[in-house]
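Commentary on secondary and tertiary structure
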Amino acid sequence: MSAWQLVATGLVMLFGLLGVLVPGIPGPLIVWAGVMWWTLSEKSALAWVVLMAATAVLLLNQVVKWLLPARNLRAVGAPYRALFLAGVAGIVGFFVIPVIGGLLGSVGGLYLLERIRLGSHGDAWASTRTVLRAIGLSVLVELFACLLVVGAWIGAVVAG
């Protein structure tokens, strides 16, 4: 594989890492596609081992990502309907106030729905914070898995 192809593969993986932080961009899938591209070009035993390990790590990531937040969200009692409506408020907020409106709309919508459901400011804010922590943990788990994959790829490129 030429140096330009390695740089392009690295840029694809960097885009995937950034995609973990940006909603709507499938970061782990893009990172995996970068490893797949490198493996199909490299065609070495090490490349195939890295691809298999990346596949296993990213599949495990999907399982962990869906299990951890669900446990925290169920513990706080936030109904999934409130989370869905908060997501809709985030989409609307994004178009009303570009860029930061998505965050403001989703957090504000979630707080408002929890305030209606729970009745008091303290309980609603505690529920909103717990939901935000659970979602943040999900992002961190996904980012860690993608960083492991990119690190393994870099190690294989340096070793190979």
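Just so it is clear, the structure is predicted and the values come from calculations on it, not from any experiment. (Residues numbered from 1 in each chain as written. Predicted model: local features only at pLDDT ≥ 70, side-chain atom pairs only at ≥ 80, totals over all residues. Heavy atoms only, no water.)

A few words now on the side chain of Glu 142. Locating Glu 142 in the fold gives a position in helix α6 (residues 121–159). Here Glu 142 is in contact with Val 20, Pro 28, Asn 61, Gln 62 and Lys 65, once residues within four sequence places are set aside. (Helix = DSSP H or I, 4+ residues; strand = E, 2+ residues; numbered from the N terminus. Contact = heavy atoms within 4.5 Å.)

Now for the confidence of the model for the protein. Residue-level pLDDT values for the protein average 87, and 94% of them are 70 or greater. Of all secondary-structure elements in the protein, the lowest mean pLDDT belongs to helix α4 (residues 80–96), at 82, while helix α2 (residues 27–42) reaches the highest, 95. (pLDDT = per-residue confidence, 0-100.)

Looking now at the nonpolar core. One finds Val 35, Trp 38, Cys 146 and Val 149 to be the most contacted residues of the largest nonpolar core, which totals 17 residues. Mapped onto this core, the elements with two or more residues apiece are α1 (3–21), α2, α3 (45–76) and α6. The element contributing the most residues to this core is α6, with six residues. Setting aside its immediate chain neighbours within four residues, Val 35 contacts Met 13, Val 50, Leu 51, Ala 54 and Val 149. (Core = buried A, V, L, I, M, F, W, Y, C linked by side-chain atoms within 4.5 Å. Buried < 20%, exposed > 50% of the residue type's maximum accessible area, 1.4 Å probe, protein only.)

According to UniProt, the feature "transmembrane region" (unreviewed entry) maps to residues 6–33, 45–64, 84–113 and 134–159 in the numbering used here. Taken end to end, residues 6–33 comprises 82% helix and 0% strand; its first and last C-alpha atoms sit 13 Å apart. End C-alpha to end C-alpha, residues 134–159 measures 37 Å, and it is 100% helix and 0% strand. (UniProt positions renumbered as here; feature names shortened; annotations may be inferred.)

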